[in-house]
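# Understanding the architecture of this molecule
Okay, here's what each chain looks like letter by letter:
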Amino acid sequence: IYIMSDQQKKKYESLTSLDEKRMYMFKYWKGIAAYITKKEYFSRIDYANKNFKSDFRDGWKTDRGRVYAIYGKYDEIERFPYEGSTRAYEIWTYNKMQGGAVFVFIDNSSGYGDYILAHSTAQNETRDDNWKDKINIK
């Protein structure tokens, strides 16, 4: 779901037979093998389910799970715990991606592990240079 384009999703959904869908997926995975293999992608989904599950969603459905599924393991992580006046948050850094990209996730649930993507420097991701204002509990 995260790595297919909208056009590819529409094409897949337009197919009516199981054989057509199987063939489409076979060709899809073969076509993107230089970028990511099917095995690696589902390994990332499995990792996300085990490590990023919240009380409300499966790990792959969370923002951290989505980012992990698309970009893989971060090069560095900084964790900042809940401290009464500030929410818990994490900063993931990918050194080799787009000249260095950062993802900031904030636990918007005040300690229940439901981290949302508040800011990123990666292309086509949420950018909010005022993300630090969101960690303060009012």
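Higher on the page you've got the structure.
Residues numbered from 1 in each chain as written. Predicted model: local features only at pLDDT ≥ 70, side-chain atom pairs only at ≥ 80, totals over all residues. Heavy atoms only, no water.

Once that is clear, we can look at the pairing of strand β2 (residues 89-94). Judged by how many residues are buried, β2 sits mostly within the fold: 6 of 6 residues are covered. Of the two faces of β2, the one lined by Y89, I91 and T93 and the one lined by E90, W92 and Y94 are each fully buried. Bridging between strand β1 (residues 76-80) and β2 involves 5 bridges; their strand directions are antiparallel. Note on β2: the bridge partner recorded for E76 is T93. In textbook terms, the turn of a hairpin is the stretch between consecutive antiparallel strands, and for β2 and strand β3 (residues 101-107) this stretch comprises 6 residues, one of which, Q98, has a positive phi near 50°. (Buried < 20%, exposed > 50% of the residue type's maximum accessible area, 1.4 Å probe, protein only. Helix = DSSP H or I, 4+ residues; strand = E, 2+ residues; numbered from the N terminus. Pairing = 2+ DSSP bridges.)

Before going further, it helps to spend a moment on the side chain of R44. Within the secondary structure layout, R44 lies in helix α3 (residues 38-51). When neighbours within four sequence positions are excluded, R44 is seen to be in contact with I36, Y68, A69, I70, Y71 and G72. (Contact = heavy atoms within 4.5 Å.)

A side chain with one charge may pair with a side chain of the opposite charge, provided their charged atoms come close. Applying the stated criterion to the full structure yields 9 salt bridges. Note that D46 and K50 form a salt bridge whose closest N and O atoms lie 3.1 Å from each other. Within this pair, D46 and its partner K50 are both found in helix α3, separated by 4 residues, close to a single helical turn. Across the pair E90 and R79 runs a salt bridge whose closest N-O atoms are separated by 3.4 Å. (Salt bridge = Lys/Arg side-chain N within 4 Å of Asp/Glu carboxyl O.)

Within the chain, Q98 stands out as a residue other than glycine whose phi angle is a positive 50°. By secondary structure assignment, the location of Q98 is in the loop between β2 and β3. Unlike most non-glycine residues, N124 shows phi in positive territory, near 65°. Mapping N124 onto the fold places it in the segment after β4 (115-120). A relative accessible area of 81% places N124 in the exposed class.

A few words on the packing of aromatic side chains. In the structure shown here, the tally under the stated rule is 18 aromatic pairs. With 5.5 Å between their ring centres and 75° between their planes, Y94 and F103 make a pair best called edge-to-face. In textbook terms, an aromatic cluster arises when at least three aromatic residues are bridged by ring pairs, as seen for Y47, F52, Y68, Y71, Y74, W92, Y94, F103 and F105. The residue whose ring lies beneath K21 is Y12, and the NZ or CZ to ring-centre distance is 5.1 Å. (Phe/Tyr/Trp six-rings, centres within 6.5 Å; stacked < 30°, edge-to-face > 60°. Lys NZ or Arg CZ within 6 Å of the ring centre and 35° of its normal.)

Computed from the structure, the largest pocket encloses a volume of approximately 160 Å³. If you go around the largest pocket, the residues you meet are I1, I3, M4, M25, Y28, W29, K38, Y41, F42, I45 and W60. Looking at the lining of the largest pocket, the elements with two or more residues in it are α2 (18-31) and α3. Taken together, the residues of the lining of the largest pocket break down into 10 nonpolar, no polar and 1 charged. (1 Å grid on protein atoms, 1.4 Å probe; cavity = no way out; pocket = protein on both sides within 12 Å on 5 of 7 lines; lining within 4 Å. Points joined across faces, edges and corners; volume = space filled by probe spheres on them. Nonpolar A, V, L, I, M, F, W, Y, C, P; charged D, E, K, R; others polar.)

Shape is all these values report; function is a separate question.
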